[in-house]
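Fold and geometry: a report
Take a look at the letters that make up each chain.
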Amino acid sequence: MSTLLKAFLAPTLASMLVFCNAACLPFYKNSPDGLQEDFASHVPARTAVLPCQTWRNINISAEDRKILCEKFDEAVMDGFRAQPYMRGFSPKVVGKLLDQAKWPTAISEGFEVILGATKNMACSTNEKPMCASVSGLYAATLENSAAWQMWLAKFSDGQKHADAILVPILVSATDKRADDRGLIALSRSVNFSLWLIDTSTGKLIWTRSKAGTETLRALPERSANLRAPEWNEPLKRALTQDFWRDYPGRLVLD
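Note that residues are indexed from 1 along each chain, following the sequence as it is written. In keeping with the model being predicted, local features are shown solely for residues with a pLDDT of at least 70 and side-chain atom pairs are shown and tallied solely at 80 or more, while totals for entire chains, interfaces and linings include all residues. To get the side-chain values, take all heavy atoms of the structure and skip hydrogens and water.

A separate point is the overall build of the chain. Secondary structure elements are defined from DSSP: runs of H or I of at least 4 residues count as helices, runs of E of at least 2 residues count as strands, and each element is numbered from the N terminus. Summing up its helical and strand segments, the chain has seven helices and seven strands in all. Of the regular secondary structure in the chain, the N- to C-terminal order runs α-β-β-β-α-β-α-α-α-α-β-β-β-α. Evaluated residue by residue, the chain yields a buried proportion of 41% over its 254 residues. When checking whether two residues touch, look at their non-hydrogen atoms; a contact exists if any pair is within 4.5 Å. Across the chain, the fraction of contacts at a sequence separation of at least 24, relative to all contacts at a separation of at least 6, is 75%. Remark: exposure states derive from per-residue accessible area (1.4 Å probe, protein chains only) relative to the maximum for the residue type, with buried under 20%, exposed over 50%, and partly exposed in between.

Right, dumping it as structure tokens:
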């Protein structure tokens, strides 16, 4: 290859790589979560609230997973209280309607669609299991998924034509032991995410993720009996009222 051709190709290839990094991987962009622009003035009339689902690769016991999901479900239902414009079917009502529709496996089937669509694009680290943002991940994987659109349409029909679904997700739950400037630190962290989805278009209306961490420390010589904090401490830090910031139709009450 001539020196002149090499000189021409080098900047061209560099430009292509820059373009691809910027445009070919939209799910890694730092797209803002919260209320999505297309739904700035939209308030769902009827939201089907799903029970808590767990993201992939959560390495905790079944008992701990049950505790965390139960606490998350309670927090979600508490968030609807005294909110006249947030109209939703509770997970219990959703379950009864699915039994009437003779589709008891609907929720697990729907979440399998979510996990399958995002499998190759979800990040592999515990710090960012959903990549840079939920909105970016969702737009790149589920927004135009035919399987997801079909599931949403069928699910909505069985939920008295609910125009939105709210999906609570336990994203991660971890224990971490580290050296903190000479002290032994044991941290317990939990990360939750809420996805509000329009059933007619398949678009994301709103999303919010919150994490909570609690850390205990001890001198090295006294660390043999150091145990992870109880789950209620990181739960308190994650499940705050700020979780609901800019949720459609939510009134801010003191």
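Note that Asn191 resides in strand β6 (residues 183–198). When the C-alpha atoms of Asn191 and Lys128 are compared, they prove to be 10.0 Å apart, with 63 residues separating the residues in sequence. What Asn191 contacts, discounting residues up to four positions off in sequence, is Ile169, Leu170, Val171, Ser172, Ser209, Lys210 and Ala211.

Buried residues of nine kinds, namely Ala, Val, Leu, Ile, Met, Phe, Trp, Tyr and Cys, make up a nonpolar core once their side-chain atoms join them within 4.5 Å. Of all hydrophobic cores here, the largest spans 58 residues; its most connected members are Trp55, Phe155, Ile165, Leu166 and Trp195. Sorting elements by how many residues they give to this core places strand β5 (residues 164–180) first, with eight residues.

By secondary structure assignment, the location of Ser133 is in the loop between α4 (106–118) and α5 (134–141). Of note is the side chain of Ser133, whose polar atom sits 3.4 Å from the side chain of Ser135. Throughout this description, a polar contact denotes any pair of N or O atoms lying within 3.5 Å of each other; where both atoms belong to protein, one of them has to be capable of donating a hydrogen while the other can accept it, and for residues adjacent in sequence the pair is counted only when both atoms sit in side chains.

Turning next to the pairing of β6. Burial analysis of β6 places 14 of its 16 residues in the buried class, which makes it a mostly covered element. Pairing between two strands is assigned when DSSP locates at least 2 bridges connecting them. As judged from the 14 bridges shared by β6 and strand β7 (residues 204–218), these two strands associate in the antiparallel manner. Bridging from a neighbouring strand, Phe192 pairs with Lys210 of β7. Linking β6 to β7, which pair antiparallel, is a turn of five residues; within it Gly202 sits at a positive phi near 80 degrees.

Quick look at α5 now. Of all the eight residues making up α5, six are buried; the element is thus mostly covered by neighbouring parts of the structure. Among the residues of α5, those classed as buried are Val134, Ser135, Gly136, Leu137, Tyr138 and Thr141. Elements that come into contact with the buried residues of α5 comprise α4, α6 (146–157), β6 and β7.

All right, on to the side chain of Arg188 then. Assignment of secondary structure puts Arg188 in strand β6. Looking at Arg188, its side chain comes within polar contact range of the side chain of Asp175, at 2.8 Å. One polar contact links the side chain of Arg188 to the main-chain carbonyl oxygen of Pro229, over a distance of 3.0 Å. Sequence-distant contacts of Arg188, defined by excluding residues within four places in its chain, comprise Thr174, Asp175, Gly212, Thr213, Glu214, Ala228, Pro229, Glu230, Trp231 and Pro234.

Moving on: unusual backbone geometry. With a phi angle near 55 degrees, Lys102 is a residue other than glycine that sits in the positive phi range. Of note in the backbone geometry, His161 takes a positive phi value of approximately 60 degrees without being a glycine. His161 sits in the exposed class, given a relative accessible area of 56%.

Let's shift gears to α6. Count 3.6 residues to each turn of an α-helix, and residues three or four apart come out pointing the same way. The terminal C-alpha atoms of α6 lie 17 Å apart, and with twelve residues this matches the ideal 16 Å at 1.5 Å per residue to within 8%. Within the sequence span of α6, burial applies to Trp148, Trp151, Leu152, Phe155 and Ser156. Buried residues along α6 cover an arc of 125 degrees about the axis, so they all sit on one side. Set apart from the buried face of α6 by more than 90 degrees, the exposed residues are Ala146, Met150 and Asp157. Buried residues along α6 sit in contact with β2 (47–49), α3 (91–100), α4, α5, β5 and β6. Here a helix's expected span is defined as the number of its residues, less one, multiplied by 1.5 Å. Picture the helix axis, draw a direction to every C-beta atom, and the arc is the one those directions span.

Further remarks concern the state of the cysteines. When the sulfur atoms of two cysteines come within 2.5 Å, that pair is taken as a disulfide. Applying the stated criterion to the full structure yields one disulfide. Residue pairing for Cys52: its cysteine sulfur links by disulfide to Cys69, the two sulfurs lying 2.1 Å apart. Between Cys52 and Cys69 the sulfur-sulfur dihedral comes to about -50 degrees; the bridge is accordingly left-handed. Separated by 17 residues along the polypeptide, Cys52 in the loop between β2 and β3 (53–54) and Cys69 in helix α2 (residues 62–80) bring together distant segments of the chain.

Limitation: the analysis is restricted to geometry and does not speak to function.
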